[in-house]
Structures are given as C-alpha cells and as structure tokens.
Amino acid sequence: MAEQKTTTFLMFQDGRAEEAMNFYLSLFDNAEVVSITRYGSEGPGAEGSVMHAIFTLAGQQYMCSDSPVQHGFDFTPSISLWVDCADEAEIDRLFAVLSEKGKVMMPLGEYGWSRRFGWVGDRFGISWQLNLA
C-alpha cells in the first residue's frame, strides 16, 4: 500500500493562481514548479489559466488552481501556513513582503509562545504565521 500524504491545495477564484505561485516561489529557497496544466480553449476555465499546478516551497509540496466557478467562500485565516524562520533577517523580510498589500493580523513581536512572531494575510488572501525558530 502506498504511503498516505497530505498536501495543501490553494484554489483561487480570481485567475491569480500562477501569479501567487510565482510570488511564493520568489520568497523561499528550494522552491520550484513541479508541474503545471492549463485550461485550453475548450475550458471550462479561462484559456491559459491554471487547471492544476504542483510547486514546492522549502521542500514542502503545494498544489493550486484557478477555479472556473465563483464560490460563496474564499481563503480564511482559520487555516494558515506556518513558517519557522531561521533568523531575524528572514522573519523581517517575509513579514514585510507578505504583508505588503495584505493585512497584518498580529504585528511582529514577542508573545508567550515565541520570542518573535507575526501573522499576516498576503495580497492573495493566504494567511501566514511567521515564527522565529
């Protein structure tokens, strides 16, 4: 029997899956597009938009797509991506870039469980919790 594995799947409703994926790839080492399949002229999504993509960030696999259907829901901070940052420079850089055109939910600071932590929603609506390891 194959080993069971979970992967975070990000569904975009605004045709911005590839833009978001490329933005995230620019932020992390050991990041790459593994595969990408696009909608053709027959649809159901907009031609050239992402039907399904697999990418890695810091060795962790993710998937994303552009949904051809508008849903009554979107991303919520109740699920977020947790990043253990190696040093002050990394947490400062990620916090600044991810919060630009986004939303700061908890500013960088010392909290009971972390000497330096911040929580942001990025410009695409994805929630990130950044922790100085």
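Residues numbered from 1 in each chain as written. Predicted model: local features only at pLDDT ≥ 70, side-chain atom pairs only at ≥ 80, totals over all residues. Heavy atoms only, no water.

The name recorded for the protein chain in an unreviewed UniProt entry is VOC family protein, from Kribbella capetownensis.

Digging into the sheet that holds strand 7 (residues 114–121)
Note the cut-off: When DSSP locates at least two bridges between a pair of strands, those strands are taken to pair. A run of H or I in DSSP becomes a helix once it reaches four residues, and a run of E becomes a strand once it reaches two; helices and strands are each numbered from the N terminus. Simply put, an axis is a line fit to the C-alpha atoms, just over the touching stretch for a helix, and the angle between two N-to-C directions goes from 0 to 180 degrees.
As summarised here, the arrangement of the four strands in space is 5-8-7-6, forming an open sheet in which the pairing is mixed. Across the chains shown, the open sheet's two edge strands, defined by having one partner strand only, are strand 5 (81–85) and strand 6 (103–111). This sheet shows a mean twist of 15° between the axes of neighbouring strands, independent of strand direction. Here strand 5 runs beside strand 8 (residues 127–132); their pairing, made up of five bridges, is parallel.

Looking at the domain arrangement of the protein chain
Accessible area lost on assembly of the parts is the figure often given for the size of an interface. Cut-off, in case you're wondering: All domain edges in this entry derive from an automatic or database-based domain assignment. Here a residue-residue contact requires only that any non-hydrogen atoms of the pair lie within 4.5 Å. Summed over both partners, the accessible area lost on bringing two parts together, with a 1.4 Å probe, is the buried area. A carboxyl oxygen of Asp or Glu within 4 Å of a side-chain nitrogen of Lys or Arg is what we treat as a salt bridge.
Segmenting the protein chain into domains produces domain 1 (9–66) and domain 2 (81–132). Each of domain 1 and domain 2 has a C-alpha centre, and the two are 22 Å apart. Contacts between domain 1 and domain 2 engage eleven residues on the former and eleven residues on the latter. Here domain 1 and domain 2 share an interface that buries about 1000 Å² over both sides, 77% of which is from carbon and sulfur atoms. For the pair domain 1 and domain 2, the number of links is zero salt bridges.

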